[in-house]
Amino acid sequence: MAFVGGFALGSKTSFTGQNVRTRSSNVGVLKSRVAPVMMAHGLDKSQIPLNLFRPNAPYEATVLYNNKIVGEDAPGDTRHLVFQHDGNVPYLEGQSIGVIPPGVDAKGKPQRVRLYSIASTALGDFGDSKTVSLCVKRLVYNDEDGNEVKGVCSNHICDLAPGDKVKISGPVGTAMLMPADPDATIIMLGTGTGIAPFRGFIRRAFAEDNPDYKFNGLMWLFLGVPTSSSLLYQEEFEEFAHKRPDNFKVDWCISREQTDKDGNKMYIQNRMSEYAEQIYELFKKPNTYVYMCGLKGMEPGIDDCMASLFEADGLDWKEYRRQMKKEKRWEVETY
Ligand SMILES: Cc1cc2nc3c(=O)[nH]c(=O)nc-3n(C[C@H](O)[C@H](O)[C@H](O)COP(=O)(O)OP(=O)(O)OC[C@H]3O[C@@H](n4cnc5c(N)ncnc54)[C@H](O)[C@@H]3O)c2cc1C
Ligand SMILES: NC(=O)c1ccc[n+]([C@@H]2O[C@H](COP(=O)([O-])OP(=O)(O)OC[C@H]3O[C@@H](n4cnc5c(N)ncnc54)[C@H](OP(=O)(O)O)[C@@H]3O)[C@@H](O)[C@H]2O)c1
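Not measured: the values here are computed from a predicted model. (Residues numbered from 1 in each chain as written. Chains lettered and ligands numbered in written order. Predicted model: local features only at pLDDT ≥ 70, side-chain atom pairs only at ≥ 80, totals over all residues.)

Helices and strands together make up the secondary structure of the protein chain, namely seven helices and 13 strands. A total of 335 residues make up the protein chain; the buried ones form 41% of that total. If you take every contact in the protein chain between residues at least 6 apart in sequence, the share linking residues at least 24 apart comes to 71%. (Helix = DSSP H or I, 4+ residues; strand = E, 2+ residues; numbered from the N terminus. Buried ≥ 20, exposed ≤ 12 C-beta atoms within 10 Å, placed from the backbone. Contact = placed C-beta atoms within 7 Å.)

In the neighbourhood of ligand 2, 26 residues make up the surrounding shell, with T191, G192, S255, M298 and Y335 lying closest. Elements with a minimum of two residues in the shell around ligand 2: strand 10 (218-225), strand 12 (288-294), helix 6 (298-311) and strand 13 (330-334). For the shell around ligand 2, the class distribution of residues is nine nonpolar, 13 polar and four charged. The residues that make up the shell around ligand 2 include at least three from each of domain 1 (25-172) and domain 2 (185-334). (Near = placed C-beta within 6 Å. Nonpolar A, V, L, I, M, F, W, Y, C, P; charged D, E, K, R; others polar. Domains from an automatic or database assignment.)

Within strand 2 (residues 78-84), seven of the seven residues are buried, which leaves it mostly tucked inside the rest of the structure. For strand 1 (residues 59-68) and strand 2, the ladder comprises six bridges, and the chain directions are antiparallel. If you follow V63 over to strand 2, its bridge partner there is F83. Bridging between strand 2 and strand 5 (residues 131-137) involves seven bridges; their strand directions are antiparallel. Across the sheet, R79 pairs through a bridge with V136, a residue of strand 5. (Pairing = 2+ DSSP bridges.)

Once that is clear, we can look at the UniProt feature "binding site: NADP(+)" (unreviewed entry) in the protein chain. When the UniProt feature table is mapped to this numbering, "binding site: NADP(+)" (unreviewed entry) covers S117, K137, T193, V225, P226, S255, R256, K265, G294, L295 and E333. Relative to the assigned elements, V225 resides in strand 10. Exposure remark for V225: the 28 C-beta atoms within 10 Å place this residue in the buried category. Apart from residues lying up to four places away in sequence, V225 is in contact with G192, S230, L231, L232 and I254. (UniProt positions renumbered as here; feature names shortened; annotations may be inferred.)

Here the focus is the site of ligand 1. Lining the immediate environment of ligand 1, one finds 19 residues, of which Y141, G151, C153, S154 and T193 sit closest. Only strand 4 (114-117), strand 5 and helix 1 (152-158) provide two or more residues apiece to the shell around ligand 1. Its residues assigned to classes, the shell around ligand 1 shows 10 nonpolar, six polar and three charged.

For helix 3 (residues 234-243), the full list of buried residues reads E236, F237, E239 and F240. The buried residues of helix 3 all sit within an arc of 160 degrees when viewed along its axis, so they share a single face. Among the structural elements, helix 2 (196-206), strand 10 and strand 11 (248-254) are those in contact with the buried residues of helix 3. (Arc of directions from axis to C-beta.)

This next bit is on helix 6. With 14 residues, helix 6 should reach 20 Å at 1.5 Å per residue; the first-to-last C-alpha distance of 20 Å fits that figure. Listed in full, the buried residues belonging to helix 6 are M298, M306 and L309. All buried residues of helix 6 lie within an arc of 55 degrees about the axis, which places them on one face of the element. The exposed set on the far side of helix 6, more than 90 degrees from its buried face, consists of P300 and E311. Residues of helix 6 that are buried sit in contact with strand 9 (185-191), strand 10, helix 4 (268-274), helix 5 (276-284), strand 12 and helix 7 (317-326). (Expected span 1.5 Å × (residues − 1).)

Residues in a regular strand project their side chains so that they alternate between the two faces of the sheet. Where strand 10 lies against strand 11, seven bridges are found, and the strand directions are parallel. In the strand pairing of strand 11, W220 is matched with K249. The parallel pair strand 10 and strand 11 is bridged by helix 3, and the resulting crossover is right-handed. (Right-handed = clockwise from strand over helix to strand, strands pointing away.)

Bringing the sheet that holds strand 3 (residues 96-100) into the picture now. Taken in spatial order, the six strands make up an open sheet running 4-3-8-1-2-5, and their pairing is antiparallel. Of all the strands in the sheet, the pair left with one neighbour each is strand 4 and strand 5. On average, each strand axis in the sheet is inclined to that of its neighbour by 40 degrees, with strand direction left out of account. Where strand 1 lies against strand 8 (residues 165-172), four bridges are found, and the strand directions are antiparallel. In the sheet register, E60 faces strand 8, and the bridge partner there is K167. (Axes fitted to C-alpha atoms, helices over the stretch in contact; angles between N-to-C directions.)

If you want it as structure tokens, here you go:
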């Protein structure tokens, strides 16, 4: 994997002429934020870029980069991609873009748009606000008759080569925007490609030198993956955790290799239970924001985990969660 300093490119790509990034260390601190300064949570909707391109009139971006970021023995093919939009598709961390696959569906209608969470900061991986990155898993499954079925859009994306054109729409989404408070506690609960929006959050806080966002709170990432060969963006995240231990923590939950104290698969809710007291205290702080992204299936487990913590203290978790949601401190984007 070539994620040197959190940068997915390594030496396999030739981005000559894109001298937009200065790095003083392996971690790769971007020196300036070229995009207009826009704070996320609490923003007026008019300040958030939304639906600049519709699926029926998409922007044609150019693929700059596409690389598999999991090991050969990992179940599935997950990729990091960078698309060039030349500044025409501005977005904020936590938003998604649409990708419109070519061709027609079984009814002869144009393929419909699919959404993908943006995996880069608003500045993009090159720091020039001209690119957008995605983290996409190729969908392949067997139907009832045992025939292999390939997901239309994920396979289209995963097969793109540098120089190819790709139709994108958006950006969309306001739920997963980052809190404006640079001292906030941000708890990120992700499974698999659900990591995408969190990479944007984390890089905005620790890989960039943004005049308007000097993060000095706590970001805590719990990421669930099946095997250690499926860990996503491991090098860059561990480097940030090493350099900023008071501000960034990362807990990997490797379901098919680790177990909890009772011998259960290590899902993120089981890892969270190991920090029960700490998590409970953080959840009660008014400036703690919790985001969940990835598999829908993780929601009940995380709810149960939180309910047991709150109920032990005589509090109603569902009511507390409702209040957090109202205050935009509990955001879920699962699928
Ligand atoms: C807001 C949002 C953000 C997203 N972000 C990302 C992201 O960052 N990265 C990412 O990889 N994906 C992401 N997704 C999922 C993405 O939009 C697509 O749904 C996914 O890539 C599959 O699309 P496809 O065209 O390849 O599959 P399709 O051709 O649309 O096929 C999908 C359909 O196949 C069927 N199917 C799927 N799996 C099975 C199975 N095991 N057995 C039987 N039938 C099955 C289901 O009917 C399913 O609806 C996101 C979704 C949303 C809503
Ligand atoms: N914003 C969004 O809505 C969004 C964004 C990105 C991705 N997605 C979707 O999220 C899914 C992630 O897929 P992926 O293939 O990338 O993931 P993956 O690599 O397979 O990882 C998923 C992890 O979650 C574990 N898991 C399974 N059931 C769980 C449960 N009930 N509770 C907690 N953890 C559980 C899995 O364990 P085992 O497999 O070992 O059981 C595995 O370790 C895809 O469906 C993708 O389309 C949605």
